[in-house]
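Structural overview
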Amino acid sequence: MRPLQAVGWINMSAGSGAEPLRPPTQRPPSVDAVARGLAADVDLPQALLVEAAREAIAAGDPASAGQRAENSRRRLLLPVVNATGVLLHTNLGRAPLAVHQDATAWNLEMDLESGERSSRQAHLAQLVQALTGAEDALVVNNGAGAVLLVLSVVSGGRPVIVSRGELVEIGGEFRVPEIMALSGAQLVEVGTTNRTRVADYQEAVQRHSEVAAILKVHQSNYRIVGFTASAPVRQLAELRVPVLADLGSGLLDAGVPWLEGPPPAWLASEPAARQTLEAGAAAVTFSGDKLLGGPQAGIVAGRRSVIAACAAHPLARALRPGVMVLGALQEVLLAYLRRDVRSVPFWRMATAPLDRLEERAHGVADSVGPSRAEVVDCVSVAGGGSLPGLELPSVGVAAAGDLRPALRGWEPSVVARMQDGRTLCDLRTVEPAQDKVLAAALAAAGR
Ligand SMILES: *Cc1c(COP(=O)(O)O)cnc(C)c1O
């Protein structure tokens, strides 16, 4: 029988009637044989090794099977070392998270007291209540989903007022006007790009009958500076229209009671859930994986009536999170309540003292070799569309040249950045347990 792969053994680029690459007497290797040969080197299920072998043989280059299999493996979701200094790196999954869970069933939708069916939202609502003072809360898949849900529920197709300075685009195509259109809300713009006053909202409330809500959107990833004005939630709440505040980043409480000492200065202008609700917002929305430091999720917190209406809306079913997300978010919220934010990687990174970072940087640089790695001062940033302009002093290890491709090629991949023509690895975003990996990767990359 003619081997199936013989078709692919022809050099296609040479056009029709091309000569086989090897004398016809020499058979191409079988897909199975090539795939078996890969098994020792590439940790992939047999079916994917077979695919790599088939492609390599079809391309007339059986020797490339190993590289193809390796490429396929590296397209999988893999842990990486974040040495970029961007704490919430969107391309690296925003807030880092520890996840360990053996197989088990959960009381996801069962009340263990009565044995009756209950809501998957009940578990976390009490924690969000305790942390923010909200009457109730609901968790969906992400921040965008939270905004879409609450706008759909509250607007009911009626007008919603937004400042022209808050019609923002957050990374990944989240545009406030588009989310509003999708929710069925009629967008009523007020004010100007740099200045919107309470009177502008008041005038719009009077002009449009049936205004459903005022939406405040945090300008998460940019700032307007100079001649500016915006209306505080406390004053808007007096206009007798529900105020919805899309906070974005998920700072739970401006008092930051989970940290020792006073709130860090870099959080000073960040709106927080507790204070926004206290100021009279009917509901706030925020992400689980920005400053909250948890898994990807979106949280709606606020008045009981708003949350109940959200829970009853068909979108809530479409946007509901699974048990893994709820479980991970629960861990993070409990850590806040225990004031044990050292178990939340984001806060551990954000508050790591400089002398400790310097000590670790020297450890890494020493093991790479003093002639090839140097300890340098640098700055970390929040990232993830949060706290633009924030620069947290940090310490890194710099090495000559652009080592980024080699570092990404290490196992696990190390993602670094360039600074002054050198490769910089910022220790603030590297887990201390990963220092050894970083040192080994740097040592190998510089060779
Ligand atoms: C980040 C952000 C969102 C989107 O949240 P995701 O969790 O990324 O979906 C919405 N609104 C604001 C103000 C944000 O900062």
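Let me sum up the structure you'll find in this document. Source: prediction; values computed, not measured.

A closer look at the pairing of strand β16 (residues 422-426)
Buried residues dominate β16, accounting for 4 of its 5 residues. Here 5 bridges tie strand β13 (residues 392-400) to β16, and the two strands are oriented antiparallel to one another. Along β16, the bridge assignment pairs Gly396 with Asp426. Linking strand β15 (residues 417-419) to β16, which pair antiparallel, is a turn of 2 residues; within it Asp420 sits at a positive phi near 50°.

Considering empty space enclosed by the protein
Going through the model one piece at a time under the given rule, you end up with 1 cavity of 30 Å³ or more. Approximately 30 Å³ is the volume found for the largest cavity. Looking at the largest cavity, the residues that line it are Val147, Val150, Leu215, Leu244, Ala245, Asp246, Ala283, Val284 and Thr285. Elements that contribute at least two residues to the lining of the largest cavity include exactly α5 (143-155), β9 (243-248) and β10 (283-287). Residues that form the lining of the largest cavity fall into these classes: 7 nonpolar, 1 polar and 1 charged.

Here's the deal with the layout of surface pockets
When its volume is computed, the largest pocket comes out at roughly 1,300 Å³. Elements with a contribution of two residues or more to the lining of the largest pocket: β1 (81-82), α12 (323-337) and α13 (345-350). Among the elements that take part in the lining of the largest pocket, α12 stands out by supplying 8 residues, more than any other. Per-class residue counts for the lining of the largest pocket are 22 nonpolar, 13 polar and 6 charged. As for the second largest pocket, its lining consists of 29 residues, and the residues nearest its centre are Glu166, Lys216, His218, Ser230 and Ala231. Contributions of two or more residues to the lining of the second largest pocket are made by β8 (213-217), α8 (233-236), β9 and α9 (273-278). Here the element with the most residues in the lining of the second largest pocket is β9; it accounts for 3 residues. Residue classes in the lining of the second largest pocket are distributed as 10 nonpolar, 13 polar and 6 charged.

Thresholds, definitions, all that
- Residues numbered from 1 in each chain as written.
- Predicted model: local features only at pLDDT ≥ 70, side-chain atom pairs only at ≥ 80, totals over all residues.
- Heavy atoms only, no water.
- Buried < 20%, exposed > 50% of the residue type's maximum accessible area, 1.4 Å probe, protein only.
- Helix = DSSP H or I, 4+ residues; strand = E, 2+ residues; numbered from the N terminus.
- Pairing = 2+ DSSP bridges.
- 1 Å grid on protein atoms, 1.4 Å probe; cavity = no way out; pocket = protein on both sides within 12 Å on 5 of 7 lines; lining within 4 Å.
- Points joined across faces, edges and corners; volume = space filled by probe spheres on them.
- Nonpolar A, V, L, I, M, F, W, Y, C, P; charged D, E, K, R; others polar.

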